[in-house]
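Residue-level listing of the chains:
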Amino acid sequence: MEYEELLSKNYDEAVVFLLKKYGPATADYYSEKSYNRFKAGEIKSIAKGKISRTSEGLYCHHIDEDKVIMISTQDVIKMLDIPYDYQRKERLVYCDLIEHGILHVLIAIENKNKSTLGTVGIGGYINFIRPELYLWFIMNEVPTATWRKNCYEKVYMEKNEAIELLAKIDNFLVNNYQITHEMINEATENYFYKIR
């Protein structure tokens with residue numbers, strides 16, 4: 001299975017694989033002028049570039065999420081003074097939701113022993129991506145928003161396939177990172193508590 005092959009790569013190899021698979025971004029994530037004005041406090045939000053490919057079921061992932069968490073979150077951009085270079089089209093890669101989860105798992109594992117970076121990647125997987133996959137394919141809750149439905153259909157699988165795939169990803173994470181299955185499951189439950 002292609003997902004297992006992706007899981008066997010290191011982060012840089014996985015990024016290269018996905019760039020070849022889906023092609024490069026053609027626009028920066030945010031407008032540079034808007035980004036600078038936002039950081040200077042002149043405007044309240046940043047204008048996005050034309051980066052969306054959710055019509056194809058694809059997410060846009062910042063390659064430099066191995067350096068900084070929540071790299072596209074506007075409050076974090078200001079708080080951590082995230083440089084604009086991280087938002088450039090050359091620093092973006094497209095992926096489906098499962099591939100996105102695998103990228104975050106690879107980031108977490110590769111950075112687990114770097115004291116300043118030890119938490120990058122893990123939150124994206126256990127707090128957002130995994131719970132969404134669980135909701136869609138194990139709890140059988142089909143999203144209603146058109147863009148989410150496109151992403152759901154891109155990775156559609158039967159419940160037993162989803163259980164098996166999530167178990168492989170979770171086991172890989174537990175075996176290579178300081179986390180337990182209980183912690184992963186608790187994050188999923190917390191996600192459901194927040195959205196209900």
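Before any of the text, the structure's been laid out above.
What comes next is a walk through the structure. (Residues numbered from 1 in each chain as written. Predicted model: local features only at pLDDT ≥ 70, side-chain atom pairs only at ≥ 80, totals over all residues. Heavy atoms only, no water.)

On to the packing of helix 2 (residues 11–22) against helix 5 (residues 97–111), then. Taken N-terminus to C-terminus, the directions of helix 2 and helix 5 make an angle of 160 degrees; their axes are 9 Å apart at the nearest point. In terms of axis orientation, helix 2 runs roughly antiparallel to helix 5. Read as a crossing pair, helix 2 and helix 5 show a hand that is left-handed. Along the contact surface, helix 2 presents Y11, A14, V15, L18, K21 and Y22, while helix 5 presents E99, L103, L106, I107 and E110. Residue classes in the contact of helix 2 with helix 5 are distributed as 8 nonpolar, no polar and 3 charged. (Axes fitted to C-alpha atoms, helices over the stretch in contact; angles between N-to-C directions. Helix = DSSP H or I, 4+ residues; strand = E, 2+ residues; numbered from the N terminus. Parallel < 35°, antiparallel > 145°, perpendicular 65-115°, else oblique. Left-handed = near helix turned anticlockwise from the far one by under 90°. Contact = heavy atoms within 4.5 Å. Nonpolar A, V, L, I, M, F, W, Y, C, P; charged D, E, K, R; others polar.)

Let us now look at empty space enclosed by the protein. Counted according to the given criterion, the structure contains 1 cavity of 30 Å³ or more. Within this model, the largest cavity holds a volume of roughly 30 Å³. Around the largest cavity sit L133, F137, M157, A162, L165 and L166, which together line it. Taken together, the elements giving at least two residues each to the lining of the largest cavity come down to helix 6 (122–138) and helix 8 (159–176). Tallying contributions element by element places helix 8 first for the lining of the largest cavity, with 3 residues. Classifying every residue of the lining of the largest cavity gives 6 nonpolar, no polar and no charged. (1 Å grid on protein atoms, 1.4 Å probe; cavity = no way out; pocket = protein on both sides within 12 Å on 5 of 7 lines; lining within 4 Å. Points joined across faces, edges and corners; volume = space filled by probe spheres on them.)

With respect to the helices and strands, the residue E132 is situated in helix 6. Taking the C-alpha atoms as reference points, E132 and Y86, separated by 46 residues in sequence, lie 26 Å from one another. If near-sequence neighbours (up to four positions away) are discounted, E132 is found in contact with Y59, L97, R148 and Y191. Within polar-contact distance, the side chain of E132 engages the side chain of R148 at 2.6 Å. (Polar contact = N/O pair within 3.5 Å; in protein donor to acceptor, adjacent residues only side chain to side chain.)

With that settled, the discussion passes to the layout of surface pockets. In this structure, the largest pocket occupies an estimated 950 Å³ of space. Secondary-structure elements contributing two or more residues to the lining of the largest pocket are strand 1 (59–62), helix 5, helix 6 and helix 7 (146–154). Looking at the lining of the largest pocket element by element, the count peaks at 6 residues for helix 6. When the residues that make up the lining of the largest pocket are grouped by side-chain class, the tally is 15 nonpolar, 14 polar and 5 charged.

We now examine the side chain of T54. Along the chain, the position of T54 falls in the loop between helix 3 (32–39) and strand 1. Here the side chain of T54 touches S52 through a polar contact of 3.2 Å, side chain to side chain. Those residues in contact with T54 that lie beyond four places of it in its chain are W147, N150 and C151.

Here we take up the pattern of salt bridges. Considering all chains together, one arrives at 15 salt bridges under this definition. The partner of K21 in a salt bridge is E99, with the nearest N and O atoms 2.7 Å apart. With a gap of 78 residues between them, K21 in helix 2 and E99 in helix 5 connect regions that are remote in the sequence. Given a relative accessible area of 1%, E99 falls into the buried group. The structure contains a network of salt bridges with shared partners spanning D64, D66, K67 and R91. (Salt bridge = Lys/Arg side-chain N within 4 Å of Asp/Glu carboxyl O. Buried < 20%, exposed > 50% of the residue type's maximum accessible area, 1.4 Å probe, protein only.)

On the secondary structure map, I169 appears in helix 8. I169 sits in the buried class, given a relative accessible area of 2%. The residues touching I169, leaving out its near neighbours within four places in the chain, are L7, I98, I102, V105 and Y125.

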